[in-house]
Amino acid sequence: MLYEKLGSDVVKCNLCGWRCTIQPGKRGVCSVRENRGGTLYSLVYGKACSYAVDPIEKKPLYHFHPGTTAFSVATVGCNFRCIFCDNWSISQEKEITGENLPPESIVAMAKATGCRSVSYTYTEPTIFFEYAYDTAKLAHREGLYNTFVTNGYMTPEAIDTIDGYLDAATVDFKGSGDPNFYRNFCKVTNLEPVYQALAEMKRKKIFIEITDLIVTGGGDAKEPFIKLVEWIHDELGEGTPFHILRFFPSYKYDGHGPPTVSYLEELWQASKEIGLKYVYLGNVMSHKYENTYCPRCGKNVIDRSGFEVTSINLKGGNCAFCGEGINVVV
Ligand code: SF4
């Protein structure tokens, strides 16, 4: 889907921000889309390398059907090269591996396990777009929601194509969107597609939650963090759920420890002062900032313990104590 022929069997892929021009016999940056004689093929369609039933809180999606489970699926491949990737064994895998799992099976398993949604996650869903798209269509027909966990490096055309089937997305920043950090740690030189994709998702009314992974030793500066939070506040809105995630050493980047909890609390405070209503700390177990507090009365409206929702004090989408509207889909 979404490629064009440039002549002499050369093709251009328009799925993600790279917009790769691919010579015959070659693959795109993601390593899973191959030009065979002037036709671009997805090599991972129907090949799930990982699938599981997860709490939707694990995505994290804290404001989209809280307390439900999501059938989660991935294929190998990614369009980023993050040296600290947690899922590097599948995202950076060059060999096309995976179990044959057609869209019909994913939807059947999601229903059989009582999931309310299907989540395209663990690796970047944009690079297995056709597989996600067909599954999402089928899932909707069966009354399930669809969510992406994405780095946001998608083209407006991709969002336009899946619009109507994609209900929510967690869009992950790393190092607060600092261009130097993305260049040096993820091999990505232009972040503009991410901001464009977010604006497009908002226009299409896809429910958005944002994460920012604070990476010690390069992706933990305060200035880009403030800039990112201000952008979220001004462009996406004060009600956008925002998760500040604690990095832990992984893959090729293991020389630094995680950021301190007190520094993350400082960032939490700064985000609230900028005006975001729902700010969370992630990867910090049993912290009071994993709960949802009503922005008006301050009471705990969704209590969490790790990924488990322990109580919900909402009436419809409103605070059960004072009636304030909460930006939550229930
Ligand atoms: S999806 Fe893959 S082939 Fe297509 S533009 Fe992105 S990296 Fe290139």
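Data block above holds the structure.
Quick notes on the rules
Residues numbered from 1 in each chain as written. Predicted model: local features only at pLDDT ≥ 70, side-chain atom pairs only at ≥ 80, totals over all residues. Heavy atoms only, no water. Near = heavy atom within 4 Å. Nonpolar A, V, L, I, M, F, W, Y, C, P; charged D, E, K, R; others polar. Helix = DSSP H or I, 4+ residues; strand = E, 2+ residues; numbered from the N terminus. Expected span 1.5 Å × (residues − 1). Buried < 20%, exposed > 50% of the residue type's maximum accessible area, 1.4 Å probe, protein only. Pairing = 2+ DSSP bridges. Salt bridge = Lys/Arg side-chain N within 4 Å of Asp/Glu carboxyl O. Phe/Tyr/Trp six-rings, centres within 6.5 Å; stacked < 30°, edge-to-face > 60°. Axes fitted to C-alpha atoms, helices over the stretch in contact; angles between N-to-C directions. Parallel < 35°, antiparallel > 145°, perpendicular 65-115°, else oblique. Left-handed = near helix turned anticlockwise from the far one by under 90°. Contact = heavy atoms within 4.5 Å. Right-handed = clockwise from strand over helix to strand, strands pointing away. Core = buried A, V, L, I, M, F, W, Y, C linked by side-chain atoms within 4.5 Å. Lys, Arg positive; Asp, Glu negative; His and termini not counted. Polar contact = N/O pair within 3.5 Å; in protein donor to acceptor, adjacent residues only side chain to side chain.

Draft legend 1. Region of the structure containing the site of the ligand. Every residue close to the ligand is listed here: Cys13, Leu15, Cys16, Trp18, Arg19, Cys20, Ile22, Gly28, Val29, Cys30 and Arg33. Classifying every residue of the shell around the ligand by side-chain character gives eight nonpolar, one polar and two charged.

Draft legend 2. The arrangement of helix 6 (residues 192-203) in detail. Taking 1.5 Å of rise per residue, the twelve residues of helix 6 would be expected to cover 16 Å, and the 17 Å separating its terminal C-alpha atoms lies within 8% of that figure. Those residues of helix 6 that sit buried are Pro193, Val194, Tyr195, Ala197, Leu198, Glu200 and Met201.

Draft legend 3. Layout of the sheet that holds strand 3 (residues 21-22). Strands sit in the order 1-2-3 across an open sheet of three strands; the sheet is antiparallel. What marks the edges here is a single partner per strand, and that holds for strand 1 (3-7) and strand 3.

Draft legend 4. Layout of the pattern of salt bridges. Enumeration according to the criterion identifies 13 salt bridges in this entry. Ionic pairing is found between Glu34 and Arg36, a salt bridge with its closest N-O pair at 2.8 Å. With its nearest N and O atoms 3.4 Å apart, the salt bridge here joins Glu238 to Lys277. Of this pair, Glu238 sits in the loop between helix 7 (222-236) and strand 14 (242-246) while Lys277 sits in the loop between helix 8 (261-274) and strand 15 (279-282); the two residues are 39 residues apart in sequence, bridging distant segments of the chain. Here Lys277 falls in the partly exposed class, since its relative accessible area comes to 25%. Where salt bridges share partners, they join Asp160, Glu200, Arg203 and Lys204 into one cluster.

Draft legend 5. Representation of the packing of aromatic side chains. Counted under the stated rule, the structure contains 22 aromatic pairs. Measuring from ring centre to ring centre gives 5.6 Å for Tyr120 and Phe148, while their planes differ by 70°; the resulting arrangement is edge-to-face. In this pair, Tyr120 sits in strand 10 (residues 117-120) while Phe148 sits in strand 11 (residues 145-150), placing the two residues 28 residues apart along the sequence. Comparing Tyr120 with Phe148, the two get one shared label, buried. A network of ring pairs unites the aromatic residues Trp18, Phe80, Phe84, Tyr153, Phe181, Tyr182, Phe185, Phe247 and Tyr253 as a single cluster.

Draft legend 6. Looking closely at the sheet that holds strand 18 (residues 308-312). Here we have three strands laid out as an open sheet, ordered 16-17-18, and antiparallel in their pairing. Two strands close off the open sheet at either side, each with one partner strand: strand 16 (292-293) and strand 18. Pairing of strand 17 (residues 300-305) with strand 18, which is carried by four bridges, proceeds in the antiparallel orientation. Residue pairing in the sheet places Ser305 in a bridge with Glu308 of strand 18.

Draft legend 7. Inspection of the packing of helix 6 against helix 7 at higher detail. Packing of helix 6 against helix 7 brings their axes to within 11 Å, and their N-to-C directions diverge by 30°. In terms of their interaxial angle, helix 6 and helix 7 are classed as roughly parallel. Our pair here, helix 6 against helix 7, has a crossing hand that is right-handed. Here helix 6 contributes Tyr195, Leu198 and Lys202 to the contact with helix 7, which in turn contributes Leu228, Trp231, Glu235 and Leu236. For the contact of helix 6 with helix 7, the residue count by class is five nonpolar, no polar and two charged.

Draft legend 8. A look at the packing of helix 2 (residues 103-112) against helix 3 (residues 129-141). In contact at an axis separation of 9 Å, helix 2 and helix 3 are set at 45° when each is read in the N-to-C sense. Classed by the angle they form, the pair helix 2 and helix 3 counts as oblique. Taken as a pair, helix 2 and helix 3 cross one another with a handedness that is right-handed. Across from Pro103, Glu104, Ile106 and Val107 in helix 2, the residues of helix 3 making contact are Tyr131, Asp134, Thr135, Leu138 and Ala139. Per-class residue counts for the contact of helix 2 with helix 3 are six nonpolar, one polar and two charged.

Draft legend 9. Main features of the pairing of strand 12 (residues 168-174). Judged by how many residues are buried, strand 12 sits mostly within the fold: seven of seven residues are covered. On strand 12, burial covers both faces: Ala168, Thr170, Asp172 and Lys174 on one face and Ala169, Val171 and Phe173 on the other are all buried. Relative to strand 12, strand 11 runs parallel, the two sharing four bridges. Residue Thr150 lies in a different strand from strand 12, and its bridge partner there is Val171. On the question of chirality, the crossover connecting strand 11 to the parallel strand 12 by way of helix 4 (residues 156-162) is right-handed. Taken together, the seven bridges between strand 12 and strand 13 (residues 207-214) define a ladder with parallel strand orientation. When the sheet's bridge partners are listed, Ala168 is paired in strand 13 with Phe207.

Draft legend 10. Region of the structure containing the nonpolar core. Counting residues in hydrophobic clusters, the biggest one holds 83 residues, and the most contacted among them are Phe84, Ile210, Phe242 and Ile244. The element best represented in this core is helix 3, accounting for seven residues. With residues up to four places along the chain from it excluded, the contact list for Phe242 reads Ile210, Asp212, Phe225, Val229, Ile232, Ser271, Leu276, Tyr278, Val279 and Tyr280. Formed by eleven residues, the second largest nonpolar core is a distinct cluster that contains Tyr280, Ile302, Ile326 and Val328.

Draft legend 11. Region of the structure containing the side chain of Arg246. Note on placement: Arg246 falls in strand 14. Within the buried core, Arg246 has no salt-bridge partner, and the shortest N-O distance to an opposite charge, that of Glu265, equals 10 Å. A polar atom in the side chain of Arg246 sits 2.8 Å from the backbone oxygen of Pro259. Beyond its immediate sequence surroundings of up to four residues, Arg246 is in contact with Leu213, Ile214, Pro258, Pro259, Thr260, Val261, Leu264, Gly282, Asn283 and Val284.

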